[in-house]
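What follows is the residue order along each chain.
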Amino acid sequence: MSTSLVELAQAYIQSEWPKRQARAEERLNRLNEKYGIGGDWRLIQPGPIAEACSIWVEETAQLGRDLVEHILNHPEARPLLTQADQVEHLRQFVSDWMIEREDATVIARVKAFMAARGIKGDQEIAIMRARAQSQLARARKEILLKIYQATRPVSRTARARR
């Protein structure tokens, strides 16, 4: 049995993240076919760079959502979800993980996508960073709220109605 919610979350991410990366790479390959590297296309926002950014943002956000579902339904997690310190550590871990993915994956992959096309625009990177931050912040808020709602004590009036 795992000793913490964070350990369960880490194990899930270690098993799932490679699958998500592979799926994102498949989607990027389709994007590359559509906007061939070195091909004849013009950079028009929200064009190919925004699409590349969205692919990684969507995969990251979806893994965060799936992670929470996994933890909330995991039999080993049920007793741990009643412990406030365990829940807070989980919330902090999920938040930190998503923030780390923003730079380590989303922005790094967008830069690589641009570099493959000979684009060196700091302004484009700043735009994509702002877009990724905004979208991941919304996803992070949704995920953390779901954890909170799933683990908060049931009110007395709700218990009385049962």
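Conventions we followed
Each chain has its residues counted from 1, following the order in which its sequence is written. Owing to the predicted nature of the model, reporting of local features is limited to residues with pLDDT of at least 70; listing and counting of side-chain atom pairs is limited to 80 or more, with chain, interface and lining totals taken over all residues. Neither water nor hydrogens contribute to the side-chain values; these are computed over all heavy atoms in the structure. Only DSSP runs of H or I with at least four residues qualify as helices, and only runs of E with at least two residues qualify as strands; both kinds are numbered from the N terminus onward. Burial classes: relative accessible area under 20% of the type maximum marks a residue as buried, over 50% as exposed, and values in between as partly exposed (1.4 Å probe, protein chains only). The contact definition used throughout considers only heavy atoms, calling two residues in contact when any of these lie within 4.5 Å. Throughout this description, the term salt bridge denotes a Lys or Arg side-chain nitrogen within 4 Å of a carboxyl oxygen of Asp or Glu. Throughout, an axis means a line fitted to C-alpha atoms (over the contacting stretch in the case of helices), and angles, computed between N-to-C directions, take values from 0 to 180 degrees. Under this scheme an angle from 65 to 115 degrees is roughly perpendicular, one under 35 degrees roughly parallel, and one over 145 degrees roughly antiparallel; angles in between are oblique. Residues were grouped as follows: Ala, Val, Leu, Ile, Met, Phe, Trp, Tyr, Cys and Pro as nonpolar; Asp, Glu, Lys and Arg as charged; and all remaining residues, including Gly, as polar. In this analysis, the expected span of each helix is defined as 1.5 Å times one less than the number of residues it contains.

Enquirer: Got a minute to help me understand the side chain of S95 in this structure?
Expert: Relative to the helices and strands, S95 is located in helix α3 (residues 84-115). Look at S95 and you get buried, because its relative accessible area is 12%. Once you skip the residues sitting within four places of it in the chain, S95 turns out to touch R140 and L144.

Enquirer: Could you clarify how one ought to interpret the environment of L80 in this entry?
Expert: Looking at where L80 falls in the secondary structure, it is placed in the loop between α2 (48-73) and α3. Taking the C-alpha atoms as reference points, L80 and T151, 71 residues apart in sequence, are found 9.9 Å from one another.

Enquirer: Looking at this model, I keep getting lost on the pattern of salt bridges. Mind explaining?
Expert: Pairs can form between side chains of opposite charge once their charged atoms are near each other. Enumeration according to the criterion identifies 11 salt bridges in this entry. Between D66 and R20 there is a salt bridge, with the nearest N and O atoms lying 2.7 Å from each other. With D66 in helix α2 and R20 in helix α1 (residues 5-34), this pair connects stretches of sequence that are 46 residues apart. Overall, D66 belongs to the partly exposed group, its relative accessible area being 23%.

Enquirer: Explanation requested: the packing of α2 against helix α4 (residues 122-151) in the structure shown.
Expert: A packed helix pair is summarised by two numbers, namely the angle formed by the two axes and the spacing between the axes. Axis separation between α2 and α4 bottoms out at 10 Å; the angle between their running directions is 10°. Overall, the two elements α2 and α4 adopt an arrangement that is roughly parallel. On α4, the residues that touch I49, A50, C53, V57, T60, A61, G64, R65, V68, E69 and L72 of α2 are M128, R131, A132, Q135, L136, A139, E142, I143, K146, I147 and A150. Counted by class, the contact of α2 with α4 contains 14 nonpolar, three polar and five charged residues.

Enquirer: Help me understand α4 in this model?
Expert: In an α-helix, one turn spans 3.6 residues; hence positions three or four apart end up facing the same way. A rise of 1.5 Å per residue sets the reference length of α4, with its 30 residues, at 44 Å; its end C-alpha atoms lie 42 Å apart and thus fit the reference within 8%. Of the residues making up α4, those classed as buried are I125, M128, A132, L136, A139, R140, I143, L144, I147 and T151. Against the buried residues of α4 lie α2 and α3.

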